[in-house]
Amino acid sequence: MTDTTMTEDAAAPADAPDEESLIPPELAAAVGREMDPSRARVEAEGVRRMADIFDVRDAALEAALASNDRAYDLPPWAIYSISRPQRIETPGIDPWNTLIAAEELHVVRPLRLDDRVHIAQRIAGLQERIGGRVGHSLFIHIDWSYRRIEGRPGNERVGPEVARVRHTMAHFRGRHTGE
Amino acid sequence: MPTITYDAITVGDALPPYERMPTRLKILQFIGAGWLWGPQFVDPEAAKNMGLPAPIIPGAVKQAYFMQYMDHWLGKGGWTLRRVQVSHRRPDVQDVLMTLSGAVTKKYEQDGAKLVDVELEIHNPAGDRTTRGSATVEFD
């Protein structure tokens, strides 16, 4: 199996594989670059929808949503209620032609209702593999940072981080093996 | 108060199994809410063209199930989930039961925080381990 890695510190693979690389130049150029950020607001209805989808039955949560209790620490899955404004950007590769291979969420401070959140993404690195369990594949590591927006409109600033996420997306030369 | 306290936890403790049924309706609701209309989640033909057996479960849903699993294990209050990691090993498809399991791997104090690490898994009805993961919980 050949395994080449491209990170912000190593801009090009040390040993180019014989087979044509899956890394398009525009994707390689995007490594380390922060994409245009987006922003979102944590709203009761969005959290309520996620609770319904995940079959959550939690009287305290329902009461907090009903009263728009801005001091209530929301469950960590509330982060999915604000994922919509931010699209995954993988220049040169259709993100819908990838599969999520892994993801890791770190919670610094639980989200609360009416939190305004600044969401930034950055391609942290690329890893290309030839051979192995799934054949010729490209793994794209994407870091997301969720920061609370502080201050009033017109005098806002991006405040402390409330969560960070690393997505590892897999893109295959052929089809996924189903395994 | 949590059902299980930090003091009552021992490395090696097994978490009680927890079942989730990701129906096609729930998955479509999730996709609609997040505008994640990937063909691998909705279109059987497109999924097969990608080498998948059928439309699959978005990874975020399985991560959310791991989060819920901590609630199921620990009960309400007295702790905060600090980290959850998921590795998708095999595709999980819609309308198929998932069984979550886990075990305590580490119990420690760091910078004054009482922390517990657990390893997590999802198995399908055939007994295949489809998903591996881990989580860190901080107790008050």
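Predicted model, so just to flag it, every value in this text is computed and none were measured.

Caption draft 1: Structural context of unusual backbone geometry. Residue and element names in this part refer to chain A. With phi around 55°, Asp55 is a residue other than glycine that occupies positive phi space. With respect to the helices and strands, the residue Asp55 is situated in the loop between helix H2 (44–53) and helix H3 (59–67). Positive phi, normally seen in glycine, also occurs at Asn68, with a value near 50°. Tracing the sequence through the fold places Asn68 in the loop between H3 and strand E3 (99–107).

Caption draft 2: Focus on helix H1 (residues 24–34) of chain B. Residue and element names in this part refer to chain B. Buried within H1 we find Lys26, Ile27, Phe30, Ile31 and Gly34. Down the axis of H1, the buried side of the element spans an arc of 135°, and every buried residue falls inside it. At the exit of H1 stands Trp35, carrying a positive phi of roughly 55°.

Caption draft 3: Layout of helix H4 (residues 59–74) of chain B. All names here are of chain B. Over its 16 residues, H4 extends 23 Å from the first C-alpha to the last, a length consistent with the 22 Å expected when each residue adds 1.5 Å. In terms of burial, H4 is largely enclosed, as 14 of its 16 residues are buried. Downstream of H4 by a residue or two, Gly75 has a phi angle that is positive, lying close to 80°.

Caption draft 4: A look at the packing of aromatic side chains. Applying the stated criterion across every chain, the model contains 8 aromatic pairs over all chains. Considering the side-chain rings of Tyr80 of chain A and Phe30 of chain B, the 5.9 Å spacing of their centres and the 75° angle between planes classify their relative orientation as edge-to-face. With Tyr80 of chain A in the loop between H3 and E3 and Phe30 of chain B in helix H1, this pair bridges two chains. Take Tyr80 of chain A and Phe30 of chain B: they sit in the same class, and that class is buried. Among the aromatic residues, those joined into a ring-pair cluster are Phe54, Trp77 and Tyr80 of chain A together with Phe30 and Tyr65 of chain B.

Caption draft 5: A positive patch on the surface, seen in detail. Judged by side-chain charge, Arg133 of chain A together with Arg89, Arg90 and Arg132 of chain B come together as a positively charged surface patch. Topologically, Arg90 of chain B is positioned in the loop between strand E2 (79–88) and strand E3 (98–110).

Caption draft 6: Expanded view of the interface of chain B and chain A. Each partner contributes to the interface: chain B provides 41 residues, whereas chain A provides 36 residues. For the pair chain B and chain A, the summed buried surface comes to about 3300 Å²; carbon and sulfur atoms form 54% of the total. It is Lys26, Met50 and Arg82 of chain B that lose the most area in chain B upon contact with chain A, and together they represent 16% of the buried surface on that side. For the salt bridge of Asp55 of chain A with Lys26 of chain B, the shortest nitrogen-to-oxygen distance reads 3.3 Å. Scanning the region where chain B abuts chain A turns up 17 residue pairs in polar contact (both at pLDDT 80 or more). Contributions of two or more residues to the side of chain B that touches chain A are made by H1, helix H2 (39–42), helix H3 (44–49), H4 and E2 of chain B.

Caption draft 7: Main features of the environment of Leu126 of chain A. All names here are of chain A. Counting through the fold element by element, Leu126 comes out in strand E4 (residues 116–130). Since its relative accessible area comes to 1%, Leu126 is described here as buried. Counting along the chain gives 121 residues from Leu126 to Thr5, while the straight-line C-alpha distance between them is 5.8 Å.

Caption draft 8: Focus on the environment of Gly51 of chain B. Residue and element names in this part refer to chain B. Within the element layout of this structure, Gly51 appears in the loop between H3 and H4. According to the relative accessible area criterion, Gly51 is buried, its value standing at 14%. Sequence separation between Gly51 and Met98 is 47 residues; the distance between their C-alpha atoms is 21 Å.

Caption draft 9: Highlighting the pattern of salt bridges. Residues and elements named next belong to chain A. Per the stated rule, a full pass over the model turns up 22 salt bridges over all chains. The partner of Asp114 in a salt bridge is Arg70, and the shortest N-O contact between them spans 3.8 Å. With Asp114 in the loop between E3 and E4 and Arg70 in the loop between H3 and E3, this residue pair connects regions lying 44 residues apart in the sequence. Looking at Asp114, the relative accessible area reads 19%, which means it is buried. With a relative accessible area of 57%, Arg70 lands in the exposed category. A salt bridge links Arg157 to Glu150, with the shortest nitrogen-to-oxygen separation between them at 3.5 Å. On the basis of relative accessible area, Glu150 is assigned to the partly exposed category, the value being 22%. The network of salt bridges with shared partners includes Arg41, Glu43, Arg70 and Asp114.

Thresholds, definitions, all that
- Residues numbered from 1 in each chain as written.
- Chains lettered and ligands numbered in written order.
- Predicted model: local features only at pLDDT ≥ 70, side-chain atom pairs only at ≥ 80, totals over all residues.
- Heavy atoms only, no water.
- Helix = DSSP H or I, 4+ residues; strand = E, 2+ residues; numbered from the N terminus.
- Buried < 20%, exposed > 50% of the residue type's maximum accessible area, 1.4 Å probe, protein only.
- Arc of directions from axis to C-beta.
- Expected span 1.5 Å × (residues − 1).
- Phe/Tyr/Trp six-rings, centres within 6.5 Å; stacked < 30°, edge-to-face > 60°.
- Patch = residues over 30% accessible without salt bridge, like charges linked within 9 Å, V, L, I, M, F, W, Y side chains within 5 Å.
- Areas by Shrake-Rupley, 256 points an atom, 1.4 Å probe, with all protein chains shown as cover.
- Salt bridge = Lys/Arg side-chain N within 4 Å of Asp/Glu carboxyl O.
- Lys, Arg positive; Asp, Glu negative; His and termini not counted.
- Charge placed at Lys NZ, Arg CZ, Asp CG, Glu CD.
- Contact = heavy atoms within 4.5 Å.
- Buried area = accessible area lost by both parts, 1.4 Å probe.
- Polar contact = N/O pair within 3.5 Å; in protein donor to acceptor, adjacent residues only side chain to side chain.

Everything listed here is a matter of geometry and, on its own, says nothing about what the molecule does.
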